[in-house]
Amino acid sequence: MERRLTKQTMIVGWTLGLVLAAPLAALQAQAAAAPQAGTTVPAAVSGFAGGDKLALRWELQRTLFSAQAPGGRTQARLILSNKDSRPLPARGWAIYVNFMDGAETGALPSGLVLEQAAGNLFRLRPGPGFAGLAPGQSLDVVYYHPNLVEKLARAPIGPYFVYDADPERGVAIADFQWLPITRPEQLDKGSSGAIAPVTPADTYRRNQRADLLPAAQVPPVLPTPLQLEKGSGMLALTGRPRVEAAGALSAEVKLANALFPAGLPEGGPRLRLAVGSVPGQRSPEAYSLNIRAAGGIDIVGNSAAGVAYGLQTLRDLMPLPGAKGAQLALPEVSIVDAPRFGYRGFQLDVVRNFHRKETVFKWLDLMARLKLNTLHFHLTDDEGWRLEIAGLPELTSIGAVRGHSAKAGVRLQPAYGSGPDPKDPGGSGYFSRADYIEILRYAQARHIDVIPEIEMPGHARAALQAMEARYRRLKAAGSPDAAKYLLSDFEDRSVYKSPQMYNDHVLNPGLDATFTFIEHVVDQVAAMHRDAGVPLHTIHMGGDELPNGAWERSPASLARMKKEGLASTADLWDYFYDRVDGILRKRGLSTSGWEELAARKTTLAGRNKLIPNPRFTQRGFTAWVWNNTEGAEDFAYRLANGGYDIVLAPVTKMYMDMAYNADPQEPGVNWGGYIELDTVYDFIPFDYLKEAEPALRIGKDGLTEYGKGHIKGLEATLFTETVRDPARIDYLVMPRLAAVAERAWAQDPAWARETDPARAAALHRTAWSGFVNALGQRVLPRLDLEQSGLAYRIAPPGLLLDGDRVLVNHVLPGLVLRYTTDGSDPTSASRIVDGPIGARGDIRVAAFDRNGRRGLVARLERR
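Remember, predicted model here, so these are calculated numbers, not experimental data. (Residues numbered from 1 in each chain as written. Predicted model: local features only at pLDDT ≥ 70, side-chain atom pairs only at ≥ 80, totals over all residues. Heavy atoms only, no water.)

Asks: For this particular structure, what's the right way to read the overall build of the protein?
Replies: Check the secondary structure of the protein and you find 22 helices and 35 strands. A compact globule built from 863 residues should have a C-alpha radius of gyration of about 29 Å, and the protein, at 29 Å, falls within 12% of that. Per-residue burial for the protein yields a buried fraction of 59% across its 863 residues. Considering only residue pairs separated by 6 or more positions, the protein has 74% of its internal contacts joining residues 24 or more positions apart. Summed over its atoms, the accessible surface of the protein is roughly 32900 Å², and 51% of this surface lies on carbon and sulfur atoms. A distance of 2 Å separates the average location of the 98 positive side-chain charges in the protein from that of its 94 negative side-chain charges. (Helix = DSSP H or I, 4+ residues; strand = E, 2+ residues; numbered from the N terminus. Rg over C-alpha atoms; globule rule 2.2 N^0.38 Å. Buried < 20%, exposed > 50% of the residue type's maximum accessible area, 1.4 Å probe, protein only. Contact = heavy atoms within 4.5 Å. Areas by Shrake-Rupley, 256 points an atom, 1.4 Å probe, with all protein chains shown as cover. Lys, Arg positive; Asp, Glu negative; His and termini not counted. Charge placed at Lys NZ, Arg CZ, Asp CG, Glu CD.)

Structure below.
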């Protein structure tokens, strides 16, 4: 059975020590030919030290355009250097490397041969004419990508070295770097339509959409509350407030006490917390907050959640940490607030790269601050199974472990830079029952629901491999239950390929064992919620990216189709989810999943097309719709208009793993476009295409009044192919998540409802200025000063040469900007930008947070 890899992106110039693994079939073939114990390894092999004595550099040489490839190809090279005192032999070895989007295979001018091993795992091996590589020598390995390499996600990643005679051991080529992409021939996009990297001038002009506001004009609360009336007085915080609340609000009392400086003496104003009725508001999350100089602080919520949100608003109104004396005061204010959407989510993928529970806790805390109420927990996928399931130990002993092995059924192959070590913390790891229960309780205390996701029928390779290992272990032991949870039809000859280039990762609905497995997993997940004392209402049952061709040549699936009278695999899909829904309903749960769950595959004019599936409209399914790409901009609306409950998670607006911009050095992927902070902020949930060209609106469905009632909310999505370090989550997610929270909580802004373009533009400028000033002057500084440990992205400043001066601005007005003119990067001691820069030289400018952390550097040469 083949093993496959998927994507990874890193920053240009970083030294990488990332290791992949050979496909299992190839390794097994090598193992069969390897010397047995006690035999002599050939001298040509034993003389050279291996991958730790090789250096590898990758360089994008140029982009190429032709009539045959109008969208472009890329010429690149790998520079292989022998650092050993002995030659690299002419035979008997291979270098494996991962190409996210593939590479053109065949014999290369270097004398090596580039082969596709499996999926996006490729192999360089010596060809017949290769004579070896002498000590101290380098070899240019020129090859071609079949498309444009716009982002470094498409560059090779994780090379490692394997001897034919020692196939069980893969050695990382740790001395591996990507060379910078800066030359014109590297950046040329031709007529492909690909977006060019942004310049400092581009950034300056984009930043001009907002104005710097004086502190008194900065909105005091984010997300924007429904009603806010300012008073004229101030409530002095001469001491810690006396919190009064019923015993049922113990978690809220704890939060309230944490809001105030620890050094304050006792004897402050009263802070009353209560569950009651918020006038005019039916949402259970509604609250009112009143601060009076003579009467203290009153927070009333329609539920405990409302009280908690009122306290988060109180946090926003507090002076920034470090304030003393007369600064320790709260403004008089009266707020009535409720969310626009009942679902306000953040999806965290812990599969592609594992992240510990402490990281989950950190993001639950930030979600609570931003009044987000649902963690969509992506726990299983092709590359891992991250949740302990009682009775099926292989799901975690095999499915949660990645590492190099030439033997079947030992562990999953390395991916995303996890390397050969099965103890790598990104590749291997899972949440025990106790861990998961602790996460559930932590979330519940912050009024955050956890929706676990169990991917199926695609994206299930980890489960398939784990259950195949279980089957083989029990079969060898003579157990009659060996096939009880087997998910694979060994006679399946279906031909398919997933977007991640797998062809062995789909559950088989022809096997009763598939549904026995699903029932067992659902029962165990539900049991963990019961043991935690945390309700479970739904499980996200996957449903995305089932490749065309799956099941078509599986005897088990074909037998099922014949038995059930199913005409096509599209009908078999319906059969599969009909049974899945039955499993959940029997346990009092509703069914949810990705948009394909609610879709029916068909064709129009010979092309594949998804339409709302009439079979499940009355089942109460909830579909998360990610696809708003060209041609599918209205798909979410069509599903909602057809009666499906919808969570909007549009890839071009709210996927946090998308890069901010087209700079090759900017982390993230770009298959769904680029997402700057204003891209998220400008999203209009009920009218995707409001600002689109008229031609793009032709033939697209709008959202009906009936359909609006089926839009349950919004979700920010983070897949972690490129995220091995928790700090990278910080960088990709914040401050964009704050814009998602604003759209999910606040009412439709006036600029989105205005039909007059000039008036809408003026309203937008006012609102956008308020939002970014609130972030730059209040929200992010508070996170800094409270030592939250959040390494959010600090964007590069905009720079514009204007005659004999350089104009400077930033997307977050209020951040401190510092500069140098000698070509060195600014530090926290560099000169502050207090107006246009009149000096000449190699000018470099960066923004700094309240703790002196530097953001991205912008550069402009003025001689």
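Asks: How do you make sense of the nonpolar core when you look at a structure like this?
Replies: Across soluble globular proteins, nonpolar side chains have a tendency to be buried as a group. Core analysis: the biggest nonpolar cluster contains 160 residues, and Phe517, Ile518 and Met734 have the highest contact counts within it. Excluding anything up to four places from it in sequence, Ile518 contacts Met456, Leu507, Met541, Phe576, Val580 and Ile583. Residues Ala103, Leu114, Leu124 and Leu133 belong to the second largest nonpolar core, which totals 34 residues. (Core = buried A, V, L, I, M, F, W, Y, C linked by side-chain atoms within 4.5 Å.)

Asks: Would you mind showing me how to read the environment of Val350 here?
Replies: Along the chain, Val350 turns up in the loop between β18 (343–349) and α7 (357–369). Relative accessible area serves as the criterion here: at 0%, Val350 is assigned to the buried category. Between the C-alpha atoms of Val350 and Val723, which are 373 residues apart in sequence, the distance is 9.7 Å. Excluding anything up to four places from it in sequence, Val350 contacts His355, Phe377, His378, Leu379, Arg386 and Phe431.

Asks: So what exactly am I meant to see when it comes to the pattern of salt bridges here?
Replies: When the charged atoms of two side chains lie near each other, side chains of opposite charge can form a pair. Here the structure, examined in full by the defined rule, presents 59 salt bridges. Of the charged contacts in the structure, one is a salt bridge between Glu666 and Arg793, with a shortest N-O distance of 3.1 Å. Taken as a pair, Glu666 in the loop between α15 (651–654) and α16 (677–681) and Arg793 in the loop between α22 (757–785) and β30 (798–802) lie far apart in primary sequence, 127 residues in all. Linked through salt bridges whose partners overlap, the residues forming this network are Asp825, Asp842, Arg844, Arg859, Glu861 and Arg863. (Salt bridge = Lys/Arg side-chain N within 4 Å of Asp/Glu carboxyl O.)

Asks: Is there a simple way to explain the packing of aromatic side chains in this structure?
Replies: How two aromatic rings sit relative to each other is set out by the distance from centre to centre and by the angle between their planes. All told, the structure shown has 31 aromatic pairs when counted by the stated rule. Ring geometry for Phe99 against Phe122: centres 5.4 Å apart, planes inclined by 90 degrees, an arrangement best described as edge-to-face. With Phe99 in the loop between β4 (93–98) and β5 (106–107) and Phe122 in strand β7 (residues 121–126), the pair connects residues that are 23 residues apart, well separated along the chain. Judged by relative accessible area, which is 1%, Phe99 ranks as buried. Aromatic pair Tyr681 and Trp768: ring centres 5.0 Å apart, planes at 55 degrees, arrangement tilted. Of the two residues, Tyr681 sits in helix α16 while Trp768 sits in helix α22, which places them 87 residues apart along the sequence. Given a relative accessible area of 3%, Trp768 falls into the buried group. Three or more aromatic residues joined by ring pairs make a cluster, and in this case those are Phe515, Trp573, Tyr575, Phe576 and Tyr577. (Phe/Tyr/Trp six-rings, centres within 6.5 Å; stacked < 30°, edge-to-face > 60°.)

Asks: Please explain the confidence of the model for the protein as it appears in this structure.
Replies: A low pLDDT score tells you not to read the predicted coordinates there in detail. Mean pLDDT over the protein: 91, with 94% of residues reaching 70 or higher. Below a pLDDT of 50 lies the segment residues 1–46, which in the model reaches 159 contacts outside its immediate sequence neighbourhood of four places, other chains included. (pLDDT = per-residue confidence, 0-100.)

Asks: Please clarify how the sheet that holds strand β16 (residues 296–301) should be interpreted in this entry.
Replies: Remark on secondary structure: sheet strands pair via backbone hydrogen bonds, oriented parallel or antiparallel. A sheet is described by the order of its strands in space; here six strands give the open sequence β12-β17-β15-β16-β14-β13, paired in mixed fashion. The sheet terminates laterally at β12 (227–236) and β13 (242–244), the two strands that pair on one side only. Recorded for the sheet is a direction-independent mean angle of 15 degrees between the axes of neighbouring strands. Where strand β14 (residues 270–275) meets β16, five bridges bridge the pair, whose relative direction is parallel. Residue pairing in the sheet places Leu271 in a bridge with Ile297 of β16. (Pairing = 2+ DSSP bridges. Axes fitted to C-alpha atoms, helices over the stretch in contact; angles between N-to-C directions.)

Asks: It is not clear to me how the packing of helix α9 (residues 433–445) against helix α11 (residues 512–532) should be interpreted in this structure. Could you clarify?
Replies: Think of two packed helices as two axes; the pair is described by the angle between the axes and how far apart they sit. The interhelical angle for the contact between α9 and α11, taken along N-to-C directions, is 55 degrees, at an axis separation of 9 Å. On the basis of their axis angle, the class for α9 and α11 is oblique. Considering the relative orientation of α9 and α11, their crossing is right-handed. Together, Arg433, Tyr436, Ile437, Leu440 and Arg441 of α9 and Val525, Ala527, Met528, His529, Asp531 and Ala532 of α11 make up the contact between the two elements. Residues belonging to the contact of α9 with α11 are distributed by class as follows: seven nonpolar, one polar and three charged. (Parallel < 35°, antiparallel > 145°, perpendicular 65-115°, else oblique. Left-handed = near helix turned anticlockwise from the far one by under 90°. Nonpolar A, V, L, I, M, F, W, Y, C, P; charged D, E, K, R; others polar.)

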